[in-house]
Every structure is written in structure tokens, then in C-alpha cells.
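Chain residues, written in single-letter form:
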Amino acid sequence: MYTTDVLKKRMTDGAYDAELSKLYPSGTVDAQKKRYCRVIGEFEEFYGESREAGLFSAPGRTEIGGNHTDHQHGRVLAGSVNIDMIAAAAPNSLNQLRVQSEGYDLCVIDISDLEPHEAEFGKSKALVRGVCAEFKSRGYNIGAFDAATASDVLSGSGLSSSAAFEVLLGTILNHLFNDGKVSDVEIAQIAQAAENKFFGKPCGLMDQTACAVGGFITIDFADPSSPVIEKLGFDLAKEGYALCIVNTGGNHADLNEDYASVPAEMKSVAHEFGREVLRGLTRKDIIDRIPELREKVGDRAILRALHFIAENDRVGEQVEALKAGDRNAFFEGVMASGRSSYQYLQNVYTTKNVSEQGLSLALCVTEAFLSGTGAAWRVHGGGFAGTIQAFVPVELAAKYSEYMDGIFGAGSCYTLSVRMSGAI
């Protein structure tokens, strides 16, 4: 670590250019250097000048295959992306962990109090407390630190701003107090536990793993304590395609119940077979017992269970297609995943507010614009509001972006690249 004035000089003088060029697209390094210097300056403003500090980054993620499969010990395809959350951070002697995020109030926790607080559910403070608690419960060191953060992983964008935040906190604790010995996968597990126990959201492990590990990856969660991660060499750009994410601007404020209903209903079906999760059941297992399952768990739970089984198999097929360089078969899987999510998983809009269906509208107009072009599209991430994903021929990407911006507002559609590094 260096004092903050030296950090800024090194950043300005190009000492980190090689590292930054691995994280961000060509032509954007100068803008990133200014961004990091701004965060260092904010650290100085809030916590004092000339303190020794380190710089940290955790990327957002894009789910590419496996919609709501991870919490049932299933398989996923995911990638970390070139937008991230960054921090300047340094230990303090106050017994307090203080995080100042751009645009938000200062978040402060006492690290001697690491129990869940129900009043903090859904708030950033819960994640800060939870990550510390999980580090300590696993026998790792924790300590008080100050951090200033900035994020271009927009909240509600479907690119996992919460997972990036959790993983960023874990990476800071890992390097400030544990000599970097905590693995990326365990940081992801710690982050998931913090979100489940302290934040009150029963998410799976996919988001955190993709943010922590980095690259274009497939993950098999058959044993969540030891997920099998394989990096894939597929290069969209070389195939002539851009990855576009469209943020429809939906309201995420009251969607925790919607998100929670998906794993809860899937598990209700699994429990009827004496299992905790659906992994291991077949389509025939469920169809053979539909009459009794309808009475016990309801129709939607059955549909969601059938979605999981098909989606989990589909990820395996997509992985094989990517390894074989069969782009068309991969895209067929993308489209099939989108149809299943819409019809059977039913996470494209919330039934609490049926007049707001931004994802449905985005999928509809995307189909109208991209049909017959060799493109593919689907709902992105957890669903119910937020974003869709489209794999668009490069020559059409600018026009598609302009078209979607005209419907959902300027800056709604952005083009991403896969970042090969995870949290650092």
C-alpha cells in the first residue's frame, strides 16, 4: 500500500496502466485513471490525507445461462463484465468499519456487534455486518477499516450490484487482514451467506461466484460447498457479436417476496420427494405425480420445477456447444432459456403490479427489431424488473442501442465486454 498522495501520483503517472488495461476496454484507461483518482480524493476528504491505502475492484456479472438454477444446486453460465465497483480502503483504529459510497450516506458498523439486525434487512449496512460476521465465523481475521467506493454497476441493472459490493468488502478484508489467503470461491460463499442471513434475500451463489472469480465461466453447484468452476474460451467479439444489456428502469423496491418465491416454490416440490433441492429429479418424476403435487404445492411451483430441470440440462448443452464452437446451438439455448423463463419460471413481471411490464415490452420490441438477424435474447438475471440481454451482430449494435434508448430512455442500452479478472 502507499499513502494516498503517492497512490494518486502513481495512478496519474501510469504505474497501473498495464493492470487497468486488463480490466477495462481499450480507449477507456484514461477515464478509469481519473475515476480512481476521484475515489482516492474522496477517501482523503472523508477520512484524512496521507494515509496508507490500497485500491480494490470487484466486477459486475452477467448471467448467460441457467436462470434461477443455482439455488437448486444446478449449473450456470456466467461472466464478469467490464463495469465494476472500486474502492480505496485502509485499516483504522476505531473498532468501526466505515464505508462511504458515492451518492449514499456514510455506512458505519461496530465490528464487535456481528449479529443480524432485522431492522437492517435490505440495507447496505446489513451486507457490511454480514461479510464481517461470515469471515469471523470461518476463523479468518477481521478488522476495522475505512473505505470510499464508487460503482458503475447500477443498482437494479441486473448486473449484481449487491454481489459486487459484498465481494468488494470481502476482498478488502482478505487483503488488509488475511494476506490474501481466502480463495475467490470462499469469498463468494461468504458474500452469499451475508445476503441470505443479514440482508434477508435468499439468493443463490451464482452472482457472487461470477463477480469473485471472473472470466466467461460455467459453474456446477451440485455441491455448493465446493462448486466446480470451468473457464470457457468463447470470445463473442471474435464471433462478430456484441453483448447488449437493456435496463428497462423497473422498480425493485418491493420485489424481495417475488425473488424469494422462486426458490421457496421449487423447494416445496423437492420436499415432496424427500429432497432439499430439485437437483437429481427428472421431468418424468414430476409429471408422474402432477395430480397430487397440484393439491400440495400448486401449479406455479410445478411449472417452476419443470423449468429448473430443463434449464439445468440446457446449460450443459450450451457449454458443449461453446466448446465445439457452435454459436448457433448456443444461441438456440439462449432463446429457449428466455421462453422457459417467461412461460414456466414466470419471472418476467411481478403480479403485484401488472401494469408495469418493462421486461415484457423490451423482449417484444427486441424480437421485432432483431428477428431474422441471427441474434438471440432473453430475460437477464433474477427478473421481475430490471434488464434483458441480447447478443447482437456487431454491425447492428449501435442501431439496436439507439432503438432501445428511444423507448426506455437515453443510456438504457449498453454494450459490455467480458472481464477476465474477478475481484482484485
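Here, the structure is the one placed above.
Presented here is a report on the structure given in the accompanying data block.

The phi dihedral of N95 is positive, around 65°, even though this residue is not glycine. Mapped onto the secondary structure, N95 falls in the loop between strand 3 (75-91) and strand 4 (96-101). By relative accessible area, N95 is classed as partly exposed at 38%.

Among the structural elements, N347 can be located in the loop between helix 12 (327-345) and helix 13 (358-370). The class of N347 is buried, set by a relative accessible area of 0%. In this structure the side chain of N347 is engaged in a polar contact, spanning 3.1 Å, whose partner is the side chain of N67. If we ignore the near neighbours within four places in the chain, the residues touching N347 are N67, H68, S341, L359, V379, G381, G382, G383 and F384.

Another aspect to go through is a nonpolar patch on the surface. A contiguous nonpolar patch, built from Y342, Y349 and V354 and spanning about 260 Å² of accessible area, is present on the exposed surface. Its relative accessible area of 32% is what places Y349 among the partly exposed residues.

For helix 12, with 19 residues, the first-to-last C-alpha span of 25 Å sits near the 27 Å given by 1.5 Å per residue. For helix 12, the full list of buried residues reads F330, F331, G333, V334, A336, S337, G338, S340, S341 and L345. Count one or two residues on from helix 12 and you reach Q346, which has phi positive near 60°.

With five of its six residues buried, strand 4 lies for the most part within the structure. Pairing of strand 4 with strand 5 (residues 107-110), which is carried by four bridges, proceeds in the antiparallel orientation. Considered in strand 5, the bridge of V99 is made with C107. Between the antiparallel neighbours strand 4 and strand 5 lie five residues, among them G103 with a positive phi of about 85°.

Think of it this way: side chains of opposite charge can pair up when their charged atoms draw near. Scanning the entire structure with this criterion turns up 29 salt bridges. A salt bridge links K8 to E44; the shortest N-O distance between them is 2.7 Å. With K8 in helix 1 (residues 4-13) and E44 in helix 3 (residues 29-47), the pair connects residues that are 36 residues apart, well separated along the chain. K8 gets classed as partly exposed once you look at its relative accessible area, which sits at 26%. Among the residues examined, E44 registers a relative accessible area of 11% and is labelled buried.

Closest axis-to-axis distance for the helix 5 (residues 161-177)/helix 6 (residues 184-199) pair is 9 Å, and the angle between their directions is 125°. Taken together, the axes of helix 5 and helix 6 are oblique relative to one another. The hand of the helix 5/helix 6 crossing is right-handed. Contacts between helix 5 and helix 6 involve S162, E166, V167, G170, T171 and N174 on the former and, on the latter, I187, A191, Q192 and E195. Class assignment of the residues belonging to the contact of helix 5 with helix 6 gives a composition of three nonpolar, five polar and two charged.

The next point concerns helix 7 (residues 206-213). When you tally the buried positions in helix 7, you get seven out of eight residues, the bulk of the element. When we look at burial in helix 7, the residues that qualify are M206, Q208, T209, A210, C211, A212 and V213. Elements that come into contact with the buried residues of helix 7 comprise strand 2 (52-65), strand 3, helix 5, helix 6, strand 7 (216-220) and strand 8 (228-231).

Attention now moves to the sheet that holds strand 9 (residues 241-247). Spatially, 10-11-9-12 is the arrangement adopted by the four strands of the open sheet, whose pairing is antiparallel. The open sheet terminates on both sides in strands that have one partner only, identified here as strand 10 (376-380) and strand 12 (413-416). Taking the axes of each pair of neighbouring strands and ignoring which way they run, one obtains an average angle of 25° across the sheet.

In the contact formed by helix 4 (residues 124-137) and helix 6, the axes pass within 8 Å of each other and the chain directions differ by 125°. Taken as axis vectors, helix 4 and helix 6 run oblique relative to one another. Of the two elements, helix 4 crosses helix 6, and the hand of that crossing is right-handed. Along the contact surface, helix 4 presents A126, L127, R129, G130, V131, A133, E134 and F135, while helix 6 presents I190, A193, A194, E195, K197, F198 and F199.

This paragraph deals with the packing of aromatic side chains. Under the criterion given, the structure shown has 13 aromatic pairs. Their ring planes at 70° and their centres at 6.0 Å tell us that F216 and F234 sit as a pair that is edge-to-face. Of this pair, F216 sits in strand 7 while F234 sits in the loop between strand 8 and strand 9, and the two are 18 residues apart along the sequence. The exposure class of F234 is buried, given its relative accessible area of 12%. An angle of 75° between the planes, with centres 5.7 Å apart, marks the rings of F330 and F391 as edge-to-face. Taken together, the residues span a long stretch of sequence, with F330 in helix 12 and F391 in strand 11 (residues 387-393) at a distance of 61 residues. There is no split in this pair, since F330 and F391 are both buried. Aromatic rings pair up to connect F216, F234, Y241, F330, F331 and F391 into one cluster. The positively charged end of R289 is found above the aromatic ring belonging to F273, 4.3 Å away from the centroid.

The rules behind each value
- Residues numbered from 1 in each chain as written.
- Predicted model: local features only at pLDDT ≥ 70, side-chain atom pairs only at ≥ 80, totals over all residues.
- Heavy atoms only, no water.
- Helix = DSSP H or I, 4+ residues; strand = E, 2+ residues; numbered from the N terminus.
- Buried < 20%, exposed > 50% of the residue type's maximum accessible area, 1.4 Å probe, protein only.
- Polar contact = N/O pair within 3.5 Å; in protein donor to acceptor, adjacent residues only side chain to side chain.
- Contact = heavy atoms within 4.5 Å.
- Patch = residues over 30% accessible without salt bridge, like charges linked within 9 Å, V, L, I, M, F, W, Y side chains within 5 Å.
- Areas by Shrake-Rupley, 256 points an atom, 1.4 Å probe, with all protein chains shown as cover.
- Salt bridge = Lys/Arg side-chain N within 4 Å of Asp/Glu carboxyl O.
- Expected span 1.5 Å × (residues − 1).
- Pairing = 2+ DSSP bridges.
- Axes fitted to C-alpha atoms, helices over the stretch in contact; angles between N-to-C directions.
- Parallel < 35°, antiparallel > 145°, perpendicular 65-115°, else oblique.
- Left-handed = near helix turned anticlockwise from the far one by under 90°.
- Nonpolar A, V, L, I, M, F, W, Y, C, P; charged D, E, K, R; others polar.
- Phe/Tyr/Trp six-rings, centres within 6.5 Å; stacked < 30°, edge-to-face > 60°.
- Lys NZ or Arg CZ within 6 Å of the ring centre and 35° of its normal.

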